[in-house]
Amino acid sequence: MYLYNPFSSPLPPITVTADSTLAPLPIHLNLKKKPIRYLTRWRVGHRPVHRPTSSQRQAVSCCFSMPVHCHASSTQVHDSLKYSRAYWVSRFTIAWNMDVGDGLCYLYASKTASLSITNDGIQGYDVKIKLEADNSGLSENVMEKFPHIRDYRAFRLPSTLDVKSLLKCQLSVALCTSDGKWTTATGLQLPGVLDEMFSYNGPLGAVFSKEVVSLYIWAPTAQAVRACIYKDSLGGNPIEIVPLQEFNGVWSAIGPRSWEGLYYVYEVSVYHPSTLQIEKCIANDPYARGLSADGRRTLFVDLDSDSLKPEGWDNLANEKPTLLSFSDISIYELHVRDFSANDPTVHPEFHGGYLAFASEDSACVHHLKRVSNAGITHVHLLPTFQFAGVADEKDKWKNADTRMLESLPPDSDKQQAHITAIQNEDGYNWGYNPVLWGVPKGSYAINPNGPSRTIEFRKMVQALNHIGLRIVLDVVYNHLHGSGPIDENSVLDKIVPGYYLRLNTDGCIEHSACVNNTGSEHFMAERLIIDDLLCWAVHYKVDGFRFDLMGHIMKRTMLKARSVLNDLSKDTRGVDGSSIYLYGEGWDFGEVAKNGRGINASQFNLSGTGIGSFNDRIRDAMLGGSPFGHPLQQGFITGLLLQPNEHDHGSEAVQEHMLAGLKDHIQVGMAANLRDFVLTNCDGEEVKGSEVSTYDGVPVAYALSPTETINYVSAHDNETLFDIVSLKTAMEISVDERCRLNHLATSIVALSQGIPFFHSGDELLRSKSLDRDSYNSGDWFNRLDFSYSSNNWGVGLPPKEKNEKNWPLIKPRLADPSFKPRSSHILAAIDNFLNMLQIRYSSPLFRLKTANAIQQRVRFHNTGPSWVPGAIVMSIEDGHEGVPGLSQLDPNYSYIVVIINVCPTAVTFFTPALRARSFELHPVQVMSGDEIVKNSTYEASTGCFAVPPRTTSVFVQPR
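Source: prediction; values computed, not measured. (Residues numbered from 1 in each chain as written. Predicted model: local features only at pLDDT ≥ 70, side-chain atom pairs only at ≥ 80, totals over all residues. Heavy atoms only, no water.)

Participant: It is not clear to me how the sheet that holds strand β28 (residues 581–584) should be interpreted in this structure. Could you clarify?
Facilitator: Sheet strands pair by backbone hydrogen bonding; their relative direction is either parallel or antiparallel. Read once around its circumference, the closed barrel built from 8 strands follows the order β22-β23-β26-β27-β28-β29-β32-β33, with strand pairing classed as parallel. Across the sheet, the mean angle from the axis of one strand to that of its neighbour is 30°, orientation sign disregarded. In this structure, strand β27 (residues 544–547) lies alongside β28, joined through 4 bridges in parallel fashion. When the bridges of β28 are listed, Phe545 appears paired with Leu582. (Pairing = 2+ DSSP bridges. Helix = DSSP H or I, 4+ residues; strand = E, 2+ residues; numbered from the N terminus. Axes fitted to C-alpha atoms, helices over the stretch in contact; angles between N-to-C directions.)

Shown next as structure tokens:
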């Protein structure tokens, strides 16, 4: 091993033995800007071309592979340093997928990022260290932490090495042959060694005490950190520049309490592997709790200050709507802007913002009160953290000419052209473009500067709680919108480059989760997620979290989040953490698939945790196909076999078999998708839910408890429920029938065991004019109308980028005036939706708390090969006289039967098991405005039920 001393006149190499002690490397900053050389990466814009919503998502390739050849030209060889194919996995171990043979391996370091490669090897280094091959291989804990490199070779560093100083340098490893000829080189990935040496649980961010403000930032690879303090939110020179001091990777400084209300940014001097330079990065605080408009500067804000608390805020935990059990939850998914942007009864200043939720006399709030009174317990808000894609200051927005748009034909392409032209400069985006997780989005506040967004967000939470609704935040910890040292939306990658973002084996950023995947398997990335959840729970008193692409997060992280939140109490933190519910998208794809980066939070891995995941099986079975299949593929409620469309689904026998299989999928879902629930399948065999398979062989059921299943038929992704029904059903059926099918779908979700989830507007027959991905389609295609006069059908062909290939299918449907519902249809849909919620909450039998209770009480009839096609019959039994061992849960009903008839004709069904009982139609349906359901009958002498076409009927046996 050799050590070169760069701080004296040139000397010959000094041989250093493995027992020698190396002094810390003095670091002299090279702050002179050099030309930037970017590593080419693929970008996918604000959202992927199609943002999948099921386990069939596919990974997106993230970088171009460039082979490194021996004795290539200097330019080609230099490119090898752009990659980081070796891993510094622990303090004294480097993993590299290279066979040394009889050659030699060296680690090189340059404090000024001056490494270069010529035909003679690496030049410009300050330190050269010989590595020893470790034939025992990587340790068990390293392989557990990095399963994707478990077969890499291990190389040992000297135990006396000053690792901390080296980690602030540009680093490379290289192989030489025994005769000294260089063969290959690469950079290093550092998360393993950083976790081992610098994991930290102390304070981070701006910490306020009575007299001072303390700044803490974790940046172990930085060479220098300064805080630039500003008086204003934008412009001007800093009023103070404060150097931070480092101790063991954490940089800190202390300032006066008078900093409160001012702004700051960090200036971090650090080696950045994407440019191969020492960069002076300007970044916000990763632990920011306030921002200026568009996140240009971090606001010094004390969230405990009384001036930021609405009246009664500290007592809100005692005023929360009652929640006795997670099994009582039902969720209503809503976008903040959609809620009020189109509501003329909301004050114009509040349109599309937080304070609309506190507008008690508005139509939108009145609607929320109605769904709350019927039974909805939680409002799930699409992302409300600081995201890119929408300017925080409203005067920067471009607005659509709605008068012109309203004059155009329903199937015109001019509407989408107009919206697309301004889509990146208007006020609309779903918000899955994370910039800073811990600050409310400024565009939803009246004033994006100062502390207004904090105050307004709290007023929103308070207002929702006061009308009986708890609030769930959609959190997006799986990716970040920005990366690199220059991007104005990059934060974490400026402060500790290559740590927070998950890299592939070339050292390029993984993009399977949209762009810039994050790695919660790294200690401080996981810690940031946990701290962020705590901030929202404690300082904003939110009641649940929905995790976007939860499968890209490690299971360990989710379990830690559940544990930490559960430990919160009203006495210590003013929050009942045990009532905070966690759920998310448990899709298993990309680099994390099959536990490729550790045990991830996918559907099957979460069994037994109590954390919920979306059940795409029941959605696909009801609608047909999947979001990735043919758009006309029919399902159980959209006409398969019973009323086919023009798509070729195979022979009648094939369709009969498909329909029977889809019924099994739905029945498993209605039993909370429990993997051990036993039912009779379409072949007449008794099977467990986990033994019922999808068409690609994956088990349908995965849950061990009912609260681990989120049943849904539509969400913000893909077409709305009414749109997909209108697309998949036969062209010739009436709008009346389509509206009933819309209701059938929501009724199945509402009456299933597990947790029901509804996309806002499903109850209004909401349309997005058949747009399959409206994340950036503006208010025009995303409008909600709480005056109940329109459902937004036929407002033009949906945006070309995501929908053009389906325009030939879409155009004739939009052009046909018979497809458009009337106000009477919308009002009927709302009543039917509220009725189903009322039925769900009329009996605890629809909300059983344990898998055992569901297995004991829930039965499916009309099963086996002789079933009546198109009908699902479910019974739920309560304890009553003559049934030993079954406790009584429901004081009103001893038996419930739910019959779902998706046929275009009435069906009759009878079974000896349900004969001679005193069933009657549920009183909610008897009193409903739906005259068709009132024709449902039961004949006790024969046990025969008769149910009208396209109807869900609920029969009860009163005590």
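Participant: Sorry if this is basic, but what is going on with the side chain of Ser214 here?
Facilitator: Within the secondary structure, Ser214 sits in strand β14 (residues 212–218). Filtering out sequence-adjacent residues up to four positions away, Ser214 remains in contact with Gly205, Ala206, Val207, Ala253 and Ile254. (Contact = heavy atoms within 4.5 Å.)

Participant: I would appreciate a short explanation of helix α17 (residues 735–750) in the present structure.
Facilitator: Side chains of residues three or four places apart in an α-helix project in the same direction, reflecting 3.6 residues per turn. If you check α17, its first and last C-alpha atoms are 23 Å apart, about what 16 residues at 1.5 Å a residue would give, namely 22 Å. With 14 of 16 residues buried, α17 lies mostly within the body of the structure. (Expected span 1.5 Å × (residues − 1). Buried < 20%, exposed > 50% of the residue type's maximum accessible area, 1.4 Å probe, protein only.)

Participant: What am I meant to see in the pattern of salt bridges here?
Facilitator: Side chains that carry opposite charge are capable of pairing whenever their charged atoms lie near each other. In the structure shown here, the tally under the stated rule is 45 salt bridges. Here Arg226 ties to Glu267 by a salt bridge, and the two come within 2.8 Å at their closest N and O atoms. Taken as a pair, Arg226 in strand β15 (residues 222–230) and Glu267 in strand β19 (residues 263–272) lie far apart in primary sequence, 41 residues in all. Owing to a relative accessible area of 32%, Arg226 belongs among the partly exposed residues under this scheme. Overlapping salt bridges, with partners in common, bring together Asp474, Arg546, Asp548 and Glu585 in one network. (Salt bridge = Lys/Arg side-chain N within 4 Å of Asp/Glu carboxyl O.)

Participant: Sorry, what's going on with the sheet that holds strand β39 (residues 937–939) here?
Facilitator: The strand order across the open sheet formed by 3 strands is β37-β40-β39, and the pairing between neighbours is antiparallel. Two strands in the sheet have a free side with no partner beyond their single neighbour: β37 (907–910) and β39. The average undirected angle you get between the axes of adjacent strands in this sheet is 15°. As defined by bridge partners, β39 adjoins strand β40 (residues 944–947) across 3 bridges and the pair is classed as antiparallel. Its bridge partner lying in β40, Thr937 is registered against Ala946.

Participant: I'm lost on helix α12 (residues 555–566) in this one. Help?
Facilitator: With 12 residues, α12 should reach 16 Å at 1.5 Å per residue; the first-to-last C-alpha distance of 16 Å fits that figure. Considered for burial, the residues of α12 that qualify are Thr557, Met558, Ala561, Arg562 and Leu565. Taken down its axis, α12 places every buried residue within 135° of arc, on the same side. Packing partners of the buried residues in α12 comprise α11 (523–539), β27 and β28. (Arc of directions from axis to C-beta.)

Participant: Sorry, what's going on with the side chain of Ser490 here?
Facilitator: One can find Ser490 in the loop between β26 (470–475) and α10 (492–495). On the basis of relative accessibility, which here comes to 1%, the residue Ser490 falls in the buried class. In this structure the side chain of Ser490 is engaged in a polar contact, spanning 2.8 Å, whose partner is the backbone oxygen of Gly484. (Polar contact = N/O pair within 3.5 Å; in protein donor to acceptor, adjacent residues only side chain to side chain.)

That's the geometry; what it means functionally is another story.
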